[in-house]
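# Descriptive structure summary
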Amino acid sequence: TEPGRRPAREQSTGGDVTSSEDVLIAGRYRLVTALASGGMGVVWKGWDERLKRPGAVKQLRVQAGLSPG
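An account of the accompanying structure is given in this report. All values reported here derive from a predicted model rather than from experimental measurement. (Residues numbered from 1 in each chain as written. Predicted model: local features only at pLDDT ≥ 70, side-chain atom pairs only at ≥ 80, totals over all residues. Heavy atoms only, no water.)

### A few points about the nonpolar core
Put simply, the rule reads: Side-chain atoms within 4.5 Å are what join buried Ala, Val, Leu, Ile, Met, Phe, Trp, Tyr and Cys residues into a set we call a nonpolar core. Exposure classes here rest on a 1.4 Å probe applied to the protein chains alone. A residue is buried below 20% of its type maximum, exposed above 50%, and partly exposed in between. Here a helix means four or more residues in a row that DSSP labels H or I, a strand means two or more in a row labelled E, and each is numbered from the N terminus.
Core analysis: the biggest nonpolar cluster contains six residues, these being Val23, Ile25, Leu31, Val42, Trp44 and Val57. Listing elements by their share of this core, those giving two or more residues are β2 (23-25) and β4 (41-48).

In structure tokens form, the structure reads like this:
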């Protein structure tokens, strides 16, 4: 865990994440802060729990008319 961070709840990649509070993706990537957003999705500053280093996570938006699957 990044220093000063609490353990996170799991978040499936199919959900629409709008807040970084305690979100862990795939048991590995912790969302820290949204950096940018646009028509395709949101880019988050992230923390890789396995490698113990910062990184970026891109969350894609589900296009209108398509199922999340």
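Once the structure has been displayed, the description carries forward.
### Notes on the pairing of strand β3 (residues 29-37)
For a regular strand, side-chain orientation follows a simple rule: the groups alternate between the two sheet faces. Note the following rule: Should DSSP find at least two bridges between two strands, the strands are taken to pair.
For β2 and β3, the ladder comprises two bridges, and the chain directions are antiparallel. When the sheet's bridge partners are listed, Leu24 is paired in β3 with Arg30. Bridging between β3 and β4 involves seven bridges; their strand directions are antiparallel. If you follow Ala36 over to β4, its bridge partner there is Val43.

### Things to note about the pattern of salt bridges
Side chains bearing opposite charge may pair, as long as their charged atoms lie close to each other. Formally: By definition, a salt bridge exists where a carboxyl oxygen of Asp or Glu is found within 4 Å of a side-chain nitrogen of Lys or Arg.
Evaluated as defined, the whole model comprises three salt bridges. With a closest N to O distance of 2.9 Å, Arg28 and Asp48 form a salt bridge. Note that Arg28 is positioned in the loop between β2 and β3 and Asp48 in strand β4, a separation of 20 residues in sequence. Residue Arg28 is classed as buried on the basis of its relative accessible area, which comes to 15%. Note that Lys52 and Glu49 form a salt bridge whose closest N and O atoms lie 3.6 Å from each other. What makes Glu49 buried here is its relative accessible area of 12%. Through salt bridges with shared partners, a single ionic network connects Arg30, Glu49 and Lys52.

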